[in-house]
Amino acid sequence: MWALTALLLLVPSSGRAATLEKPILSLHPPWTTIFKGERVILRCDGYHPPLLDLRPISTLWYLGHLLLPSHKKSIEVQTPGVYRCQTRGAPVSDPIHLSVSNDWLILQVPYAAVFEGEPLVLRCRGWYDKVVYKLHYYHDSKAVRYFHSSVNYTVPQARAGDSGRYQCSGTMRIPVESAPMFSAKVAVTVQELFPAPVLRVMGRAEARGGVAVRCETRPHPQKRDTPLQFAFYKYSRLVRRFDWGAEYTVPEPEVEELESYWCEAATATRSVRKRSPWLQLPGRGSPLDLASTTAPVPQATALAPGNQPLSFRKPPGSRSALLVTSVPSTTSSGLQFPAGQAPTAGPPACAPPTPLEQSAGALKPDVDLLLQEMQLLKGLLSRVVLELKEPQAFPEHREPLGTPTSHFAVSPGTRETTIVES
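Here the structure is a predicted model, which is why all the values come from computation and not from measurement. (Residues numbered from 1 in each chain as written. Predicted model: local features only at pLDDT ≥ 70, side-chain atom pairs only at ≥ 80, totals over all residues. Heavy atoms only, no water.)

Digging into the overall build of the protein
- Each helix and strand in the protein was counted, giving 4 helices and 27 strands.
- Taking all 422 residues of the protein together, 30% fall into the buried category.
- The long-range share in the protein, meaning contacts at least 24 apart out of those at least 6 apart in sequence, stands at 55%.
- Total accessible area computed for the protein in this model is approximately 27600 Å², and 59% of it derives from carbon and sulfur atoms. (Helix = DSSP H or I, 4+ residues; strand = E, 2+ residues; numbered from the N terminus. Buried < 20%, exposed > 50% of the residue type's maximum accessible area, 1.4 Å probe, protein only. Contact = heavy atoms within 4.5 Å. Areas by Shrake-Rupley, 256 points an atom, 1.4 Å probe, with all protein chains shown as cover.)

Given below as structure tokens:
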């Protein structure tokens, strides 16, 4: 019987039902979460046949996939679940999900979709309207508002960033003040009122001259009656203030700069404003790309023969090169290298040494040679001092006057100890 009734409801009447839109299902009071034992009213608004129609059944109600026995325009319910309604010949309405809670604290959110620019109202409610104290509201686990007692949390003009999971906490006097209690988290989604506009070229404006452009966007289907205004800009200069017209004619002298134009769409109250990208001509890139390709190339970015950009910065290896060239060209007699090989200043070029490693490698031979010469000089000085104190201890060095004596000296030109005859 119910299947036959549903079939008759879907049959068009004189072709009029083929153009009917789905009915609008509303909830009163407008909260999707209630306490156990409470009741709410569902109302189905859409096309209803006149009373003289031979088929008096005009509304069907669904709880999930179950067909309810009521055919009234409004019904009172207290069972949790997903509700839908349908009027004769029209599609099924959008669903409303009703939740029933047995907690001490619940967070109530609107049943209807919240769009950009509209107020978002959240209600933290205690068990059967008990007053909630020390009330906190949370957005994505972050505290966003505090109230001393029961107050709704309102976002005056919702934005996409206000979407997320909300929660509230507080205390109640039952009969004494309780510990802080938390509600269940509730997901809230802020719908986009209209997408960002796109500026397009419509063609030549023969009457006025120039090129006609159009700022294109469309409101959400549920908000298709929302009026929008449009403004046009050239770079950052406003060329036409907000108006209801979505088209603008670029004057003929400025046609060459079409890609410097963009537009903005907004509601009449300016609660929601969105701008378009720069105007894009077919087969060409954005103005930023064009600017980067047509800008003169500075001298500092000239290309080397290997197509590598030249750099005017001092190369990292220049300091190392100076350290290498500071090594003396002559080597000490105590250092020997294999035949046919020259001393190297460090590791191969593929792994350049650090300046500290190069300086240490270059100074090590000099330090060793200097230590050897100091030891030799110390021994000679000790021998000379001892000879002066006790001449009889060195009879072999006692020579008659007039004979040459040997003196040790260090030639400044070399690093070897030589004997100078005097």
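Having seen it, we continue.
What to know about the sheet that holds strand β23 (residues 247–250)
- Reading across from one edge, β19-β20-β23 is the order of the 3 strands in this open sheet, with antiparallel pairing throughout. Edge strands, defined here as strands with exactly one partner in the open sheet, are β19 (198–204) and β23. Sheet twist, expressed as the average angle between the axes of neighbouring strands with direction ignored, equals 30°.
- Two strands pair when backbone bridges link them, and strand β20 (residues 211–216) and β23 are joined in this way by 4 bridges, in the antiparallel orientation. Looking at the pairing, Val213 lines up with Tyr248 of β23. (Pairing = 2+ DSSP bridges. Axes fitted to C-alpha atoms, helices over the stretch in contact; angles between N-to-C directions.)

So, the sheet that holds strand β7 (residues 81–87)
- Taken in spatial order, the 5 strands of this open sheet run β2-β8-β7-β4-β5, and their pairing is mixed. Strands with a single pairing partner mark the edges of an open sheet, and in this sheet they are β2 (33–35) and β5 (66–67).
- Here strand β4 (residues 59–63) runs beside β5; their pairing, made up of 2 bridges, is antiparallel. Looking across to β5, one finds that Tyr62 is bridged to Leu67.

Looking at the state of the cysteines
- Applying the stated rule across the entire model yields 3 disulfides.
- The residue that forms a disulfide with Cys44 is Cys85, at a sulfur-sulfur distance of 2.1 Å. Disulfide Cys44-Cys85: torsion about the S-S bond near 75°, hence right-handed. Of this pair, Cys44 sits in strand β3 (residues 40–45) while Cys85 sits in strand β7, and the two are 41 residues apart along the sequence.
- Linked covalently through their sulfurs, Cys124 and Cys168 form a disulfide whose S-S length is 2.1 Å. Between Cys124 and Cys168, the S-S dihedral sits near 70°, and the bridge is therefore right-handed. Linking Cys124 in strand β11 (residues 120–126) with Cys168 in strand β15 (residues 164–171), this pair joins segments that are 44 residues apart in sequence. (Disulfide = S-S within 2.5 Å.)

Side note on the pairing of strand β9 (residues 105–108)
- Covered by surrounding structure in β9 are Leu105 and Leu107 together with Ile106 and Gln108, the residues of both alternating faces.
- Of the strand pairs in this sheet, β9 and β11 are connected by 4 bridges, and their pairing is antiparallel. Within the sheet, the bridge partner assigned to Leu105 lies in β11 and is Gly126.

Observations concerning the packing of aromatic side chains
- Under the defined criterion, the tally for this structure stands at 11 aromatic pairs.
- Between Tyr137 and Phe147, the ring centres sit 6.0 Å apart and the planes meet at 85°, which makes this aromatic pair edge-to-face. Of this pair, Tyr137 sits in strand β12 (residues 133–139) while Phe147 sits in strand β13 (residues 142–147), placing them 10 residues apart in sequence. The burial state of Tyr137 is the same as that of Phe147; both residues are buried. (Phe/Tyr/Trp six-rings, centres within 6.5 Å; stacked < 30°, edge-to-face > 60°.)

Brief notes about the pairing of β20
- Relative to β20, β19 is paired through 6 bridges, and the arrangement is antiparallel. Residue Gly203 lies in a different strand from β20, and its bridge partner there is Ala212.
- The antiparallel hairpin formed by β19 and β20 contains 6 residues in its connecting segment, where Gly209 sits at a positive phi of about 85°.

Quick word on the side chain of Ser183
- By secondary structure assignment, the location of Ser183 is in the loop between β16 (181–182) and β17 (186–188).
- Owing to a relative accessible area of 3%, Ser183 belongs among the buried residues under this scheme.
- The contact partners of Ser183, leaving out residues within four places of it in the chain, are Leu105, Ile106, Leu107, Gln167 and Cys168.

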